[in-house]
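# Fold and contact review
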Amino acid sequence: MKSGFIAILGRPNVGKSSLMNAMVGEKVSIVSPKAQTTRDKIIGIATTDAYQMIFVDTPGVHRPRTHLGEYMEQCIEGAQRDVDAVVIVLDATKKLSDTELEFIESRLAHKAPVYVVINKTDLVSYDTVYPMLSRLAYLTNAAKGRGAIKEIIPTSARTGDNVELLKGYLEKELPEGEPYYPADEYTDKSERYMICEIIREKSLLFLQDEIPHGIGVVIQKMTDEGGLANIEADIVCEKKSHKSIIIGSGGQKLKTIGESARGDIEKLLGEKVYLKLFVKVRDDWRNRRSVLDDIGYKLKKK
């Protein structure tokens, strides 16, 4: 048996969460077209008779501007330590930036082997991917002070193209050892955490660009009565004007979010769900440690 940890890194909205979900075979991390959807360090677990791969999905690499941003940065830093391999995800639909090249080069200075994934290849032609491969070519050879990229794999998390190929490479990096988690677990996150993330995902989906990323979710009540889960949760926003948008005319927007979330939560829990959502305003909550703690983003003191 082989088992080990693999960090998934990259800029916001390159498809890190979609790639992890594809490799795990379960929806572990929420997905949204909005950048920086992932705020936490998410563990996804893929177990077979031969191995257990523990993927660490991370927020997109960015410059933090709030306490929430600092928390996300800490998640990225923590995920890079003591892993057996690193997967750096690039977006095939966007030009490879100098910043991304510098980030990859900085990771090659560490001991963990680095694999580069060019994701979303289903949306482009080879003529688009080839210039990216050319710019990465110099990093496929070791140089003073750094190693070399082990493999560059064009993939599509959406279609599954080359996902198993990537897992085959990663399996070779895993050390021998007993599994860290039971075989039937696919994440280390609690049901309460997953429910909050589902509600946040649906909020991002139906609000689109009407509300910025100032949304958090906290469960106030969760009980189980004879196969029916009763859940009450708050959607936390930063401004009164945001609250009215989230609720919508006649409460329709909030109802739509709740109905969509309820379906996914029922799949998660395997039972009927009664979901009641409220909208609460917490001014500038992304910079307030007490509110961040309540929502579950516990920032380490410097």
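For the structure itself, consult the block above.
Below: a short report on this structure.

Calculation notes
- Residues numbered from 1 in each chain as written.
- Predicted model: local features only at pLDDT ≥ 70, side-chain atom pairs only at ≥ 80, totals over all residues.
- Heavy atoms only, no water.
- Buried < 20%, exposed > 50% of the residue type's maximum accessible area, 1.4 Å probe, protein only.
- Helix = DSSP H or I, 4+ residues; strand = E, 2+ residues; numbered from the N terminus.
- Pairing = 2+ DSSP bridges.
- Axes fitted to C-alpha atoms, helices over the stretch in contact; angles between N-to-C directions.
- Parallel < 35°, antiparallel > 145°, perpendicular 65-115°, else oblique.
- Contact = heavy atoms within 4.5 Å.
- Nonpolar A, V, L, I, M, F, W, Y, C, P; charged D, E, K, R; others polar.

## Topic: the pairing of strand β2 (residues 42-47)
- Counting buried positions along β2 gives five out of six residues, so the element sits mostly inside the fold.
- Two elements, β2 and strand β3 (residues 51-57), share six bridges in a ladder whose sense is antiparallel. Within β3, the position partnered with Gly 44 by the bridge is Phe 55.
- Where β2 folds back onto β3 in an antiparallel hairpin, the turn is made up of three residues.

## Some remarks on the packing of helix α1 (residues 16-24) against helix α5 (residues 163-173)
- Running from N to C, α1 and α5 point in directions that differ by 80°, and their axes come no closer than 10 Å. The angle between α1 and α5 falls in the class roughly perpendicular. Each of Leu 19, Ala 22 and Met 23 in α1 lies in contact with α5, whose residues at this interface are Val 163, Leu 166, Lys 167 and Leu 170.
- Within the contact of α1 with α5, the residues separate by chemical class into six nonpolar, no polar and one charged.

## Describing the environment of Ile 215
- Note that Ile 215 resides in the loop between α6 (191-207) and β7 (216-225).
- With relative accessibility at 2%, the residue Ile 215 sits in the buried group.
- As for Ile 215 and Arg 282, which are separated by 67 residues in sequence, their C-alpha atoms are 9.9 Å apart.

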